[in-house]
Structures are given as structure tokens and as C-alpha cells.
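Observations on the three-dimensional arrangement
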Amino acid sequence: MVTVLLPGPLRGEAGGASRLSVTAAGTLRAVLDEMAVAHPRLARRIRDERGELRRYVNVFVDGEDCRHSGGLATPVNDGAEVQVLPSVAGG
């Protein structure tokens, strides 16, 4: 089981949940694919039409930025924690 942590701005796309449990493990792509089946609107906020991570979304697997550890091919072990954080802009 993998736990996906969602910040406030994305919880509305997941029925208000702050945490989702996903049975898929192996890669970040597999986790996001399973999550997309149950929460397609959330999936569209995280990945673009090509299935790639959106530029303004940061995803961490057990505290490590996935952009530096393989992107969607980042290994995700059973029991891992995936955190999704949209970038915040402002001045």
C-alpha cells in the first residue's frame, strides 16, 4: 500500500481527502495511473495531456524530489509516501 498526501488546493478533486491509499507500487507512474482511475480530475491537475508531470507540480517519494530520481519511473516501494505539492507563485 502506498499513501499519497494531498495539499488543501487538490483535496477537492479527491472528495476532500488529504490522504489516498493506492495498492499499486513499483513506479510513480503506476501509482498515479491507479489514482487516476478513482480520481480523474485530480489526475488532470497533476499530469498533462501527454501523461507527464505538470511543470508546476512537485512530487516527492519518501521525501525525495522525483524530478531528480527518475521522474515517473521513480521507484515506489510498498509502504512509501508520495507527496504532491503544486508550486506557489507570488511576489
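Residues numbered from 1 in each chain as written. Predicted model: local features only at pLDDT ≥ 70, side-chain atom pairs only at ≥ 80, totals over all residues. Heavy atoms only, no water.

Before going further, it helps to spend a moment on helix 2 (residues 28-38). Of the positions making up helix 2, those classed as buried are Leu28, Val31, Leu32 and Met35. On an axial view of helix 2, the arc spanned by its buried residues comes to 90°, and they lie on one face. (Buried < 20%, exposed > 50% of the residue type's maximum accessible area, 1.4 Å probe, protein only. Helix = DSSP H or I, 4+ residues; strand = E, 2+ residues; numbered from the N terminus. Arc of directions from axis to C-beta.)

So, on to the sheet that holds strand 4 (residues 57-61). Spatially, 5 strands are ordered 2-1-7-4-5 in an open sheet, and the strand pairing comes out mixed. Edge strands, defined here as strands with exactly one partner in the open sheet, are strand 2 (19-22) and strand 5 (64-65). (Pairing = 2+ DSSP bridges.)

This brings us to the nonpolar core. Counting residues in each nonpolar core, the largest one holds 24 residues, and the members touching the most others are Val4, Leu28, Leu42, Ile46, Val76 and Val82. Looking at this core, the elements that each hand over two or more residues are strand 1 (2-5), strand 2, helix 2, helix 3 (40-46), strand 4 and strand 7 (81-86). Excluding residues within four positions of it along the chain, Val4 makes contact with Ser18, Arg19, Leu20, Val22, Val31, Met35, Val82 and Val84. (Core = buried A, V, L, I, M, F, W, Y, C linked by side-chain atoms within 4.5 Å. Contact = heavy atoms within 4.5 Å.)

Below, the discussion takes up the environment of Ser21. Along the polypeptide, Ser21 turns up in strand 2. Overall, Ser21 belongs to the exposed group, its relative accessible area being 56%. Taking C-alpha positions, Ser21 is 9.9 Å from Gly79, a pair spaced 58 residues apart along the chain. Beyond its immediate stretch of four places on either side in the chain, Ser21 contacts Met1 and Val2.

For the rest of this paragraph, the subject is the pairing of strand 4. Along strand 4, the buried face is formed by Val57, Val59 and Val61; none of Asn58 and Phe60, which line the opposite face, is buried. Note that strand 4 and strand 7 share 5 bridges and pair antiparallel. Opposite Asn58, over in strand 7, you have Leu85 as the bridge partner. As paired elements, strand 4 and strand 5 share 2 bridges and run antiparallel to each other. Looking at strand 5, one finds that Phe60 is bridged to Asp65. Linking two consecutive strands that pair antiparallel, namely strand 4 and strand 5, is a turn of 2 residues; a positive phi of about 50° is found at Asp62 within it.

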